[in-house]
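# Summary of the model geometry
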Amino acid sequence: MRRLASFWKLVQNENMKIYRRVSTWIMLGITVAIPLLVTIIFGLVAEDNNANNWGAMMTESEILFLLVMIFSVVKSAESVAGEFSRGTIKLLLIRPWSRASILLSKFIAILLFALLFTAVSFAVTWLANVLAFGYTAHPDSLIPSQSPLAGSSPWLFMLRYYLDEFIVLAVVVSFGFMLSAAFRSSGLAIGLSLFLLFAGSMITGLLMLADQAWIKFVLFPHLGLTTYLNGSVPLSDYPTTYAFSLGVLAVYFIVFNAVSWTAFIKRDVSA
Amino acid sequence: MSQAPVVSLQNVTKRIGSRTIIDRLTLEVNAGEVFGFLGPNGSGKTTTIRMMVGLITMSAGDITIAGHSVKSAFPQAISRVGAIVENPEMYKYLTGYQNLIHFGRMNPGITKARIDEVVALVGLQDRIHDKVKKYSLGMRQRLGVAQAILHRPALLILDEPTNGLDPAGIRELRDYLRKLSREEGTAVFVSSHLLSEMELMCDRVAIIQKGELIDIRSLRAESAGAAAGMEDVLFEVDRPSEAVTVLEGRGSARFVEGGFSVTADRETIADMNARLVQAGIRVYGIRVKVKSLEDQFLEVTGGETIG
């Protein structure tokens, strides 16, 4: 327990380094402002059509997850590579802690950051739209009829959506972490992870041309985990199950973290 | 002192590819000693320090700190070390105080009172709640020292600590390091390429060149003299030639401006003085000639300049 308590201090340190930065608060401000803006626009144009709180929440959440993903990648790159470019890594590693503990504390702090932003997104989009459009208990357009959750409550559907997106977020963060531990340069880590995220669907499209079954094991299609919620599959030619996608994501998650661990622990620090 | 050394390097070697950066370096630093690590730029000083604090691995050999191997018992060994490696890089967007809280949390048992104590010790009370980005280099250096001594280390490692300090700051640092080594028994390991500074600061220096240890020597006049038994002494007298005649047979004297110099042990020097005075020669002064570190350095490195 004492060991755990002192390990928590490392996480506290990482939290301090995240939340004492102005950029973090700007990110949080954007995460709050965007759904408010979208709700206002919806409110203005939707006077005659029948917008409801759940539909607007879904649209805004889709936009927000893209943003939260970018913010989390930026923060995870900053968390590891930033220490190298500042030179503070030298002061950080000459303490009675293993490098594995230091890296783990950083990873936990970034996951907490992603969790906070996910929670804020949920709270803001829910509140703003309930205030603007009133509460609808049974929206007819939110859940597609072929969805495995068809007929259940909008709460359950929305929470599943957020859970799926958070799982994807965790994988993307560990990818950014890996690049940042391997290259020790935040610019390269941020640039490369965002490129791969956005070029992901393009790369998938290209691989589809090869028409090979191994495309099922490529990471990018499975980042669209929420496709299953709509009763669809990420790859129309090679149908997979939700559990299969989770499995693929889990394997990538482990591999990314194993690479970060090795890069961070084994290599000499001569920055 | 028969105490075990605080830090001991045994045949420490670092190879990168086929190049040997550090070659079988062996040395020891004792408690209460200010130890200088001297060498030209690029001679391997920082590489050695990085190996001491575990930032880079050794290709061969081992380093023990307070009896713990850096290789096999890293947390135990490093918990006794405070260090600044190269520049005192801090989190610039945090205040000095937040930086200290950050590093304080990483060692057990560092209280708020201890942080305040250290802040007062390095003289940063007035600015400690400012963001580090507003600090001058000298203030960052002080903050660097503060984070290094927070946990009362047995070994304090400072890499080029006088970089960016003004003369008053250098003097303050020197006095402070002396105090730390005398009063708390801390072993202080300082690297530098500035000879004159090392001379004022250190008890012993090791000189390295191209990754090899060339020499270790003591800089304290008393201990150096005691070890050698003999000292170079300059006698300032009114009639040098007469004085040398009086001392005939008592070592070879060399004439210098305003007097003569001899090599003798302490007792003989006192005897010589008595004889001179009895012979009615006026002795204005007797000075032990201490070779400057620069002289010594040039002696051992064969005249190659450093810095």
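The number of helices and strands found in chain B is 11 helices and 14 strands. Dimensions of chain B, computed from the C-alpha atoms along their principal axes, are close to 70 × 50 × 35 Å. Of all 307 residues assigned to chain B, the portion counted as buried reaches 39%. Put simply, of all contacts in chain B between residues at least 6 apart along the chain, 69% involve residues at least 24 apart.

The next thing to look at is the overall build of chain A. When you go through chain A residue by residue, the secondary structure sums to 9 helices and 0 strands. N-terminal to C-terminal, the α/β element order of chain A is α-α-α-α-α-α-α-α-α. For chain A, whose C-alpha radius of gyration is 20 Å, the value lies close to the compact-globule estimate of 18 Å for 271 residues. Principal axes of the C-alpha set define a box for chain A whose edges measure 65 × 45 × 35 Å. Here chain A, with 271 residues, has 36% of them falling under the buried criterion.

Next up on the list: the sheet that holds strand β4 (residues 60–65) of chain B. Residue and element names in this part refer to chain B. The strand order across the open sheet formed by 4 strands is β2-β1-β4-β5, and the pairing between neighbours is antiparallel. Where the open sheet ends on each side, the last strands, each with one partner, are β2 (19–29) and β5 (68–69). Relative to β2, strand β1 (residues 7–16) is paired through 7 bridges, and the arrangement is antiparallel. Residue pairing for β2: V7 is matched across the bridge by V29.

Residues and elements named next belong to chain A. Running from N to C, helix α2 (residues 22–45) and helix α5 (residues 99–133) point in directions that differ by 25 degrees, and their axes come no closer than 9 Å. It follows from the interaxial angle that α2 and α5 lie roughly parallel. In terms of crossing hand, the pair formed by α2 and α5 is right-handed. From α2, L28, T31, V32, P35, L36, T39 and G43 reach across to α5, where they touch F117, V120, S121, V124, T125, A128, N129 and A132. For the contact of α2 with α5, the per-class residue count stands at 9 nonpolar, 6 polar and no charged.

Looking now at the interface of chain A and chain B. Residue-level contacts link 22 residues of chain A with 26 residues of chain B. Counting residues per element, the ones that place at least two in the side of chain A that touches chain B are α1 (2–19) and α4 (89–93) of chain A. A per-element tally of the side of chain A that touches chain B places α1 of chain A first, with 6 residues. Split into classes, the residues belonging to the side of chain A that touches chain B amount to 7 nonpolar, 7 polar and 8 charged.

All names here are of chain B. Averaged over every residue, the pLDDT of chain B is 86; residues scoring 70 or more account for 90%. Per-element confidence in chain B is highest for helix α3 (residues 96–105), whose mean pLDDT is 96, and lowest for helix α8 (residues 221–228), whose mean pLDDT is 49. Across residues 222–227 the pLDDT falls below 50, and counting only partners more than four positions away or on other chains, this stretch makes 4 contacts in the model. What the predictor reports for the complex is a pTM of 0.85 with an ipTM of 0.88.

Next up on the list: the nonpolar core. V53, A146, I157 and F189 of chain B are the most contacted members of the largest nonpolar core, which has 107 residues in total. Counting residues per element, this core draws most heavily on helix α3 (residues 53–86) of chain A, which supplies 9 residues. For V53 of chain B, the residues in contact, after removing those within four places along its chain, are I94 of chain A together with I78, V81, A83, V85 and I157 of chain B. In terms of nonpolar packing, the next biggest core, distinct from the first, is built from 11 residues, V233, V262, A264 and L276 of chain B among them.

Residue and element names in this part refer to chain B. Sheet architecture is open: 6 strands sit in the order β6-β7-β8-β3-β9-β10, paired in mixed fashion. Two strands lie at the open edges of the sheet, namely β6 (81–84) and β10 (212–218), each paired on one side alone. With strand direction ignored, the average angle separating the axes of adjacent strands in the sheet is 15 degrees. With 5 bridges connecting them, strand β3 (residues 34–38) and strand β8 (residues 187–192) associate as parallel partners. Bridge pairing links F37 to S191 in β8. Packing of helix α1 (residues 45–52) onto the sheet brings it into contact with β3, β7 (155–159), β8 and β9 (204–209), and relative to β7 it is tilted by some 150 degrees.

Residue and element names in this part refer to chain B. When strand β11 (residues 231–237) meets strand β13 (residues 259–264), the two strands line up antiparallel, connected through 6 bridges. Bridge pairing links E236 to G259 in β13. Where strand β12 (residues 254–256) meets β13, 3 bridges bridge the pair, whose relative direction is antiparallel. Bridging across to β13, R254 finds its partner in S261. In textbook terms, the turn of a hairpin is the stretch between consecutive antiparallel strands, and for β12 and β13 this stretch comprises 2 residues, one of which, G258, has a positive phi near 80 degrees.

Here the focus is helix α9 (residues 242–266) of chain A. All names here are of chain A. Counted at 1.5 Å a residue, the expected span for α9 with its 25 residues is 36 Å, and the 36 Å between its end C-alpha atoms agrees. Residues of α9 that are buried: S245, V248, F256, S260 and F264. Check the buried side of α9 and you find it contacts α5, α6 (154–183) and α8 (219–222).

Another aspect to go through is the environment of E267 of chain B. Here E267 of chain B is to be found in helix α10 (residues 266–278). Each C-alpha atom, one on E267 of chain B and one on E199 of chain B, is 27 Å from the other, the two residues being 68 residues apart in sequence.

Residue and element names in this part refer to chain A. By secondary structure assignment, the location of L249 is in helix α9. Each C-alpha atom of the pair L249 and I41 lies 36 Å from the other, and the pair is 208 residues apart in sequence. If we skip the residues at most four places from it in the chain, L249 touches I167, V171 and H222.

Turning to α1 of chain B, a few remarks are in order. Counting along an α-helix, one turn takes 3.6 residues, and residues three or four places apart therefore face a common direction. Residue and element names in this part refer to chain B. The buried count for α1 comes to 7 of 8 residues, which makes it a mostly enclosed element. The complete set of buried residues in α1 reads K45, T47, T48, I49, R50, M51 and M52. After α1 finishes, the residue G54 shows a positive phi value of roughly 80 degrees.

As a further point, take unusual backbone geometry. Residue and element names in this part refer to chain B. Phi at N11 takes a positive value of approximately 50 degrees, unusual for a residue other than glycine. Mapping N11 onto the fold places it in strand β1. Look at N11 and you get exposed, because 12 C-beta atoms sit within 10 Å. One non-glycine residue, A66, lies in positive phi territory at about 50 degrees. Looking at where A66 falls in the secondary structure, it is placed in the loop between β4 and β5.

Analysis parameters
Residues numbered from 1 in each chain as written. Chains lettered and ligands numbered in written order. Predicted model: local features only at pLDDT ≥ 70, side-chain atom pairs only at ≥ 80, totals over all residues. Helix = DSSP H or I, 4+ residues; strand = E, 2+ residues; numbered from the N terminus. Buried ≥ 20, exposed ≤ 12 C-beta atoms within 10 Å, placed from the backbone. Contact = placed C-beta atoms within 7 Å. Rg over C-alpha atoms; globule rule 2.2 N^0.38 Å. Pairing = 2+ DSSP bridges. Axes fitted to C-alpha atoms, helices over the stretch in contact; angles between N-to-C directions. Parallel < 35°, antiparallel > 145°, perpendicular 65-115°, else oblique. Left-handed = near helix turned anticlockwise from the far one by under 90°. Nonpolar A, V, L, I, M, F, W, Y, C, P; charged D, E, K, R; others polar. pLDDT = per-residue confidence, 0-100. Core = buried A, V, L, I, M, F, W, Y, C linked by C-beta atoms within 7 Å. Expected span 1.5 Å × (residues − 1).

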